[in-house]
Structures are given as C-alpha cells and as structure tokens.
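Coordinate inspection notes
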Amino acid sequence: MSTRVLHVVTNVGHYDDPAHPTGLWLSELTHAWQVFEDHGFSQDLVSPAGGRSPLEPRSLKLPNCDRSTRAWQASSERTALLEHTASPEEIDPARYDAIFFTGGHAVMYDFPDSEGLQRITREIFERGGIVSSVCHGYCGLLNTRLSDGSHLLAGRRMTGFSWREEELAKVAELVPYNAEEEARRRGALYEKARLPFVSHTVTDGTLVTGQNPGSAKATARRVAALL
C-alpha cells in the first residue's frame, strides 16, 4: 500500500461578520500537496462538514499567490477536489499514515469542535501516525483528547500562527479567540520564531507543526521525512 496523507480544510467562508470573507489559505494546501506528490504519496481531502471549501480571498492575491496556487486554480480536476471534500464520517483513519491540518482564519470556527476530526486525529496519533498542522491549522488540535482523556497538545512542543502575527495582519479584532493563548491553556509548549511571518517548524515526536503560511512547505517536508 502507498503512503496516504489526509488534508483537512475548512467549510467556513467568513468571520462572525459576513462582510469579512475568509476561508482556506490556498498555498498552505498546494505547497504541502506538491511535497507529498513529489514523494509519491496518495492524498485526500476532508472537512468538518464535507463538501465545499471556500478560499481566503487574500491568499489569491500577490504576494500570497504563487505558481502552485495558480496551477491549482487552473486545473479543473484540482478545483473540483475543494468542491467535494469528504466528511469525517466517510473517513477510515486506519487508511492514513498522516493527517495535515491546513489553515486560514476560517478554521478557527469549524475545526476545534469537530468530533469527527478529533476521532480521526486521535486514532492516527495513537497508532503512531503523524499529526501535523500549519498556521491556524493547530486550532483543529486544541480540543483533541487522547484515549486517556489528556489533551493531545499537553506537554508537547508545537507552533502555529502567533498573536503578534494576528495583530500585524490587522485581524486581531476579527478573530474569535487568541489561538496561541488557547494552545498554552491546554498545556502546549508553544514556540514561535523571533521574527513574524518567517518559516518556522517544530517537531515533537510524531507531532509536526508550522507557524504560518510560509512554513507549509517546510512542515510538509518534515512530515515526509518522518514517513
């Protein structure tokens, strides 16, 4: 059997205020997808509700878009993948060697309380698979507990989009909570780069996390190396 990676994407298209759109930060998916594709891994997409995953408009504009995002948008086959993502109930965790949580501010709304995603993540992690996230993707790990009732993040080194980066991105007043603070509350040993928006990844056993959109490729490479 080939190595299989499950990407997690959002179903949410705006902040609390519908006048402010958000969604999947596309390069966080496309950069990781390319790394795993180059390694010959099989890849699938899941979202909390299944179906369509909206795109963050800012991720489609310069300087945030690049060759990989443009190529994805130009491919009808690839764009269709984001129109028809699987729901957690359709996913058998035993088929996957790794799970990769993508970001975009939208995930702050639908990732944390998805019991289906928590189930998949727990099963993959407890049998030695890789659990990974980039940027806001770690919001999908905030409420995930292991079979013994402990938080998956408790006592583990990790990173993700920082509060300082929220402020610099001018969305601190829009986001529903401080994700960095919430991770610390769950016992995570949160780390971040000295400078905001530079690539930064943290590996703690089979937990691999990246801080921001620019970390997606490096995070995926670490996952690939472990696999």
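Structure report, in brief.

Cut-offs used in this document
Residues numbered from 1 in each chain as written. Predicted model: local features only at pLDDT ≥ 70, side-chain atom pairs only at ≥ 80, totals over all residues. Heavy atoms only, no water. Pairing = 2+ DSSP bridges. Helix = DSSP H or I, 4+ residues; strand = E, 2+ residues; numbered from the N terminus. Right-handed = clockwise from strand over helix to strand, strands pointing away. Expected span 1.5 Å × (residues − 1). Buried < 20%, exposed > 50% of the residue type's maximum accessible area, 1.4 Å probe, protein only. 1 Å grid on protein atoms, 1.4 Å probe; cavity = no way out; pocket = protein on both sides within 12 Å on 5 of 7 lines; lining within 4 Å. Points joined across faces, edges and corners; volume = space filled by probe spheres on them. Nonpolar A, V, L, I, M, F, W, Y, C, P; charged D, E, K, R; others polar. Contact = heavy atoms within 4.5 Å.

1. Things to note about the pairing of strand β2 (residues 42-46)
- As defined by bridge partners, strand β1 (residues 4-8) adjoins β2 across five bridges and the pair is classed as parallel. Note that in β2 the partner of His7 across the bridge is Leu45.
- Regarding topology, helix α1 (residues 26-38) serves as the crossover connection from β1 to the parallel β2, and that connection is right-handed.

2. Details of α1
- Over its 13 residues, α1 runs 18 Å from end to end, which matches the ideal 18 Å to within 8%, given 1.5 Å per residue.
- A large share of α1 lies buried, amounting to ten of its 13 residues.
- Buried within α1 we find Leu26, Ser27, Glu28, Leu29, Thr30, His31, Ala32, Trp33, Val35 and Phe36.
- Looking one or two residues beyond α1, the residue adopting positive phi is Gly40, at roughly 80 degrees.

3. Things to note about the layout of surface pockets
- Considered as a void within the structure, the largest pocket measures approximately 280 Å³ in volume.
- If you go around the largest pocket, you meet 17 residues; those closest to its centre are Trp25, Asn64, Phe161, Phe197 and Pro213.
- For the lining of the largest pocket, the per-class residue count stands at seven nonpolar, eight polar and two charged.

4. Things to note about the environment of Asn64
- Within the fold, Asn64 resides in the loop between β2 and α2 (67-74).
- Residue classification places Asn64 among the partly exposed residues on the basis of a relative accessible area of 31%.
- The residues contacting Asn64, other than those within four sequence positions of it, are Trp25, Ser27, Arg58 and Ser59.

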